[in-house]
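# Fold and geometry: a report
Take a look at the letters that make up each chain.
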Amino acid sequence: MTPDAVTVIEGAHVVTGDAGGREYGSGHLVVQQTHIVAVGSGPAPQSYQDAIARGEAIRVDGSGRLVTAGFVNSHHHLNQWITRGYATDTTLFGWLTTLYPIWARLNAESLYASSAANLGWLALTGCTTSMDHQYVYPSGVGDLLEAEITAARDIGVRFHPTRGSMNLGQSDGGLPPDSVVETMDAILAASESAIDRWHDPAFDAMTRIALAPCSPFSVTGELMRESAALARARGVRLHTHISETLDEEAFCLEKFGLTPPQYLESLGWLGPDVWLAHCVHLSDEAVSRFAATGTGVAHCPTSNGRLGSGAAPIRALLDAGAIVGLGVDGAASNESGRMLDELHQALLVARVRDGELAMNAREALALATMGGARCLGRQEELGSLEVGKLADIAVWRIDDLAGASIEDPVVTLVIGATTLDRLYVNGRAVVAGGELLTADVETLARNAAAAAASVRPAGGSVPWT
Ligand code: ZN
């Protein structure tokens, strides 16, 4: 559709995700320019029927379709699309030390290829907004942040890149090799410049910046404090990895005498402007502190399973009133990289961990939509289908071979199987008929494969090369 057109979807099962949990078995949704202007039961209001008759609005037949808010990916690493399949049978620390030197071979060109392919794939699996956490900045390889922001604009998804960082190399007791860390001064200067150049505070912003020192074992406490001060002075959000593995907890207890959440709190890093990836190993006290401070959690069930890190206490977090979104996490620890799969895994992991009532399909959908929007501070604009919100919308097939015989469309989406039919971001069609409209997927795949070859270590990565 063109930016000034009106699109009227009718006859679909519409899950609004609003505070009242409204659903319409045969409902309508109307988009005008970048916003949702009507949603409800039955056909669209007469004024829109007249507009369709005059050729001033497009009607989309929603029969056999489920309409939801677009998914918000609350934790990710776009560079990892071209480093998939490494270190598949080791711990997080073993996986990281294998991959750090490979990520150090990245440049702006390969990151663009990785990001465009990965964002295209995320769009095809229901994601309308993604964050990114790029924390390896080799010197002299071009502008990495610009490369991924350009890719997001080309694919057409809403984008919240973070300026990540590492400044605690092995010679200072950290995990990453010294060759991939930066100085604190360089990081803070680059962070400020990223905010100046890219951060858009507008309601309909397509690009927003956050600051994201990488993890307790790869950055100094001083950098954490300084990053928080800078972010708060400039009105941007804060993000990091925390409580992912027991190795990390042992590191923090030995080095700081504190658990990872206690360490974060001592640095001023709990609050309503902070969201944290993983949060697998949390005490009851940490769950309470996250809820009380409004700190968000980006739950990454597939990545946590792939790395054997554990199952996060999501039921306890939700019961405490904490904010929880879903994250695909980088594709080096989630090779399939499908946003839709995270809903499925979140439900299964919750029930395996905490029993049969630990999560239902609608709760999983809410995590992927409003939960993610809240993590990114976009709950007024995104996360539900309501009049006045931005038109970030996913339309799913519930009438095809995969799901046609399942009673409940939300169960089809989360527990069953479905395929994406359409995706709108800011009112623009990015996917239609299950096809990506903004790029040629064969070209994306070819360019990603070439970029993967460009960072592959000499001698290959696997026994048969
Ligand atoms: Zn991560």
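Now for a quick tour of the structure. What you are looking at is a predicted structure, and each value in this text was computed from that prediction instead of being measured. (Residues numbered from 1 in each chain as written. Predicted model: local features only at pLDDT ≥ 70, side-chain atom pairs only at ≥ 80, totals over all residues. Heavy atoms only, no water.)

## Focus on the overall build of the chain
Along the chain, the regular secondary structure elements total 15 helices and 17 strands. A principal-axis box enclosing the C-alpha atoms of the chain has dimensions of 70 × 50 × 45 Å. Expressed as a percentage of its 465 residues, the buried residues of the chain come to 58%. Pairs at least 24 residues apart make up 73% of the contacts formed inside the chain by residues separated by at least 6 positions. On the chain, roughly 16,900 Å² of surface is accessible, and the fraction owed to carbon and sulfur atoms is 51%. For the chain, the distance from the average site of its 31 positive side-chain charges to the average site of its 53 negative ones is 3 Å. (Helix = DSSP H or I, 4+ residues; strand = E, 2+ residues; numbered from the N terminus. Buried < 20%, exposed > 50% of the residue type's maximum accessible area, 1.4 Å probe, protein only. Contact = heavy atoms within 4.5 Å. Areas by Shrake-Rupley, 256 points an atom, 1.4 Å probe, with all protein chains shown as cover. Lys, Arg positive; Asp, Glu negative; His and termini not counted. Charge placed at Lys NZ, Arg CZ, Asp CG, Glu CD.)

## Describing empty space enclosed by the protein
Evaluated as defined, the whole model comprises two cavities of 30 Å³ or more. Here the largest cavity is characterised by a volume of approximately 120 Å³. Around the largest cavity, the lining is made up of 17 residues, and of these Leu92, Trp95, Leu96, His241 and Glu244 lie nearest the centre. With four residues, the top contributor of residues to the lining of the largest cavity is helix α2 (residues 92-103). The residue inventory of the lining of the largest cavity, partitioned by class, reads eight nonpolar, seven polar and two charged. (1 Å grid on protein atoms, 1.4 Å probe; cavity = no way out; pocket = protein on both sides within 12 Å on 5 of 7 lines; lining within 4 Å. Points joined across faces, edges and corners; volume = space filled by probe spheres on them. Nonpolar A, V, L, I, M, F, W, Y, C, P; charged D, E, K, R; others polar.)

## Quick look at the coordination of the zinc ion
All of the protein donors around the zinc ion are His75 (NE2), His77 (NE2), His241 (NE2) and Asp329 (OD); their distances to the metal are 2.0 to 2.6 Å. Around the zinc ion, the four donor atoms sit at angles spanning 86 to 175°, and that spread fits a shape best called irregular. Along the chain, the residues donating to the zinc ion fall in the pattern H-x1-H-x163-H-x87-D. Pair noted here: histidine 241 is in strand β10 (residues 237-242) and aspartate 329 is in the loop between β13 (323-326) and α12 (339-354), with a separation of 88 residues, a long-range link. For histidine 241, a relative accessible area of 7% translates into the label buried. (Donors = N, O, S within 2.8 Å, 3.2 Å for Na, K, Ca; no water. Tetrahedral: all angles 85-135°; square planar, octahedral: opposite > 155°, others 65-115°.)

## Considerations on helix α15 (residues 441-455)
Taking 1.5 Å of rise per residue, 15 residues should cover 21 Å, and α15 covers 21 Å from first to last C-alpha, within 8% of that figure. Of all the residues in α15, the buried ones are Leu444, Ala448, Ala451, Ala452 and Val455. Down the axis of α15, the buried set is contained in an arc of 105°. They therefore lie on one face. Facing away from the buried surface of α15 by more than 90 degrees, the exposed residues are Glu442 and Arg446. Where α15 is buried, its residues meet α2, α3 (108-124), α4 (144-155) and β17 (435-436). (Expected span 1.5 Å × (residues − 1). Arc of directions from axis to C-beta.)

## Considering the environment of valine 31
Along the polypeptide, valine 31 turns up in strand β2 (residues 23-32). Distance in space between the C-alpha atoms of valine 31 and methionine 359 is 32 Å, their sequence separation being 328 residues.

## A few points about the packing of aromatic side chains
Evaluation of the coordinates by the stated rule reveals eight aromatic pairs. Considering the side-chain rings of phenylalanine 217 and phenylalanine 251, the 6.4 Å spacing of their centres and the 80° angle between planes classify their relative orientation as edge-to-face. Of this pair, phenylalanine 217 sits in the loop between β9 (210-213) and α6 (221-234) while phenylalanine 251 sits in helix α7 (residues 246-256), placing them 34 residues apart in sequence. Accessibility expressed as a relative area gives 16% for phenylalanine 251, which makes it buried. Taken together, Phe93, Phe217, Phe251, Phe256 and Tyr263 form an aromatic cluster joined through their ring pairs. Above the plane of the ring of tryptophan 81 lies arginine 84, whose end atom (NZ or CZ) is 3.6 Å from the centre. The residue whose ring lies beneath arginine 163 is tyrosine 137, and the NZ or CZ to ring-centre distance is 3.6 Å. (Phe/Tyr/Trp six-rings, centres within 6.5 Å; stacked < 30°, edge-to-face > 60°. Lys NZ or Arg CZ within 6 Å of the ring centre and 35° of its normal.)

## Focus on the pattern of salt bridges
Scanning the entire structure with this criterion turns up 25 salt bridges. A salt bridge links aspartate 18 to arginine 22, with the nearest nitrogen and oxygen atoms 2.8 Å apart. Given a relative accessible area of 12%, aspartate 18 falls into the buried group. Bridged by salt links that share partners, the residues Arg65, Arg397, Asp399, Asp421 and Arg422 form one connected network. (Salt bridge = Lys/Arg side-chain N within 4 Å of Asp/Glu carboxyl O.)

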